[in-house]
Amino acid sequence: MLSKKSIIDIDSLTVEEVSQILERTDSFLEVSKRDVKKVPALRGKTIVNLFFEPSTRTKTSFEIAAKRLSADIINFSASTSSLKKGESIFDTLKTILAMSVDLIVVRHNCSGTVKLISKTIDIPVINAGDGKYQHPTQALLDLYTIKKRFNDFNGLKAAVVGDIVNSRVARSDIELFKKMGIDVTIVAPSMLLPDNMDYYGTEVKNCIDDVIEDADIIYMLRMQFERQDRKIYPSVREYNKFLGLNTGRLKKMKQGSIVMHPGPVNRGIEISEEVMNASGELAGKLEIENQVTNGVAVRMALLYLILS
Ligand code: NCD
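**Student:** Explain the site of the ligand to me, please; I cannot follow it from the model alone.
**Tutor:** Taken together, Arg57, Thr58, Arg107, His135, Gln138, Arg168, Val169, Arg222, Gln224, Pro262, Gly263 and Pro264 make up all the residues around the ligand. Here an oxygen atom of the ligand sits 2.9 Å away from a polar atom, N or O, in the side chain of Thr58. Against a free-state accessible area of 320 Å², the protein chains account for coverage of 95% of the ligand. Partitioned by chemical class, the residues of the shell around the ligand number three nonpolar, five polar and four charged. Residue assignment places the shell around the ligand across two domains, with domain 1 (15-134 + 292-307) and domain 2 (136-287) each supplying three or more.

Here's what the structure looks like:
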């Protein structure tokens, strides 16, 4: 189903394809736990990581995933490339393609660029995050993390909290969670919501206290200061008051419920220091590190299904 397919957005993935990715992820998670974390599945394939925007976990995650599958992966960083000498993205792509590459992973700060790239070349492209538009592999790893904890999506309630308007993670996660039957509520004040809220078709609340006791999943977004062309929220204090996750709120969460965040976390803004350093039962609610671990396995599954 996924053979040679580009992964640009959630909309173009079917429920069957998503289920296939999640199923395949189980076996690659097992590989990642072995002493020798490598299988020969993609030996001889060449993948290029093409990142036009800073990234730690997504870029590293794709790199580790490719290496565990025995593919060759080359990191191309825009800041040290010929783009700096005035070469266009498309000429850069032509150069990369002339080297017989099998798949490229692209991150770009402009929404829509990855889709455009995928239309102009005939090898599969994976969107590793473009502007405020989509981040489909983040959504898939988040969904997998939820599956590991709850097994079944039906009847689950997720609250996505924070900077919705600037977040490609919010867009992809909300679409994917809904597609798979999870009930989604958005928690944000009006200035952090997009104009086209009908598009999401979800309930909207303005304060985290409105959902904290009832949600199975509290999905905290990062406050995307770098994408805010103007100051859209009065102060960090206000943000903490209405949207921040602190220990008091964590304690109110129901049994079995979890907290997620795509990283990197702005400590003290969306999640308090105290929560980030929690131990014992409370720490057991935090899935942030598991998201990172699962991210490698999900990306292995995707690369495998597309390229093998
Ligand atoms: C996200 C991103 O870059 O979109 N991070 C990530 O991929 N791990 C979320 C964010 O930066 O807020």
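**Student:** Just to check I follow, could you spell out the packing of helix H3 (residues 89-97) against helix H4 (residues 113-120) for this structure?
**Tutor:** Helix packing for two helices is described by the angle between their axes and how far apart those axes are. Remark: H3 packs on H4, axes separated minimally by 12 Å, with the N-to-C direction vectors making an angle of 50 degrees. With respect to H4, the element H3 is oriented oblique. Helix-helix and strand crossings are classified by hand; for H3 and H4 the assignment is right-handed. Here Ile89, Phe90 and Leu93 of H3 lie close against H4, whose contacting residues are Thr113, Leu116, Ile117 and Thr120. Here the residues of the contact of H3 with H4 sort into five nonpolar, two polar and no charged.

**Student:** How should I be thinking about the pairing of strand E4 (residues 125-130) in this particular structure?
**Tutor:** Remember that side chains alternate between the two faces of the sheet whenever the strand is regular. Buried residues dominate E4, accounting for six of its six residues. Judged from the four bridges that link them, strand E3 (residues 103-108) and E4 form a sheet pairing that is parallel. When the sheet's bridge partners are listed, His108 is paired in E4 with Asp130. Viewed along the sheet, the connection from E3 through H4 into E4 turns out right-handed.

Analysis parameters
The residue numbering used here restarts from 1 in each chain and proceeds along that chain's sequence as written. Only residues with pLDDT of 70 or above have their local features reported here, since the model is predicted, and side-chain atom pairs are shown and tallied only from 80 upward, although totals for entire chains, interfaces and linings are computed over all residues. Calculated side-chain values reflect all of the structure's heavy atoms, with hydrogen atoms and water omitted. Near residues are defined by distance, with any heavy atom within 4 Å of the molecule or strand qualifying the residue. Residues adjacent in sequence count toward polar contacts only when both atoms are side-chain atoms; beyond that, a polar contact is any pair of N or O atoms within 3.5 Å, and within protein one must be able to donate a hydrogen and the other to accept it. Using the Shrake-Rupley algorithm and a 1.4 Å probe, accessible areas are obtained, with residue cover drawn only from the displayed protein chains. Amino acid classes used here: Ala, Val, Leu, Ile, Met, Phe, Trp, Tyr, Cys and Pro are nonpolar; Asp, Glu, Lys and Arg are charged; the rest, including Gly, are polar. What fixes the domain bounds is an automatic or database domain assignment. Between N-to-C directions, angles span 0 to 180 degrees; the directions come from axes that are lines fitted to C-alpha atoms, helices contributing only their stretch in contact. Helix numbering and strand numbering both begin at the N terminus, where a helix is a DSSP run of H or I of at least 4 residues and a strand a DSSP run of E of at least 2. Note on terminology: angles under 35 degrees are roughly parallel, angles over 145 are roughly antiparallel, angles of 65 to 115 are roughly perpendicular, and the others are oblique. Left-handed describes a crossing whose near helix is turned anticlockwise from the far helix through less than a right angle; right-handed describes the clockwise counterpart. Contact between two residues is taken to exist if any of their heavy atoms lie within 4.5 Å; hydrogens are not considered. Throughout, exposure labels follow a simple rule: accessible area from a 1.4 Å probe, protein chains only, divided by the maximum for the residue type, with under 20% read as buried, over 50% as exposed, and the rest as partly exposed. A pair of strands counts as paired when DSSP detects no fewer than two bridges linking them. We call a crossover right-handed when, viewed with the strands running away from us, the connection from the first strand over the helix to the second turns clockwise.

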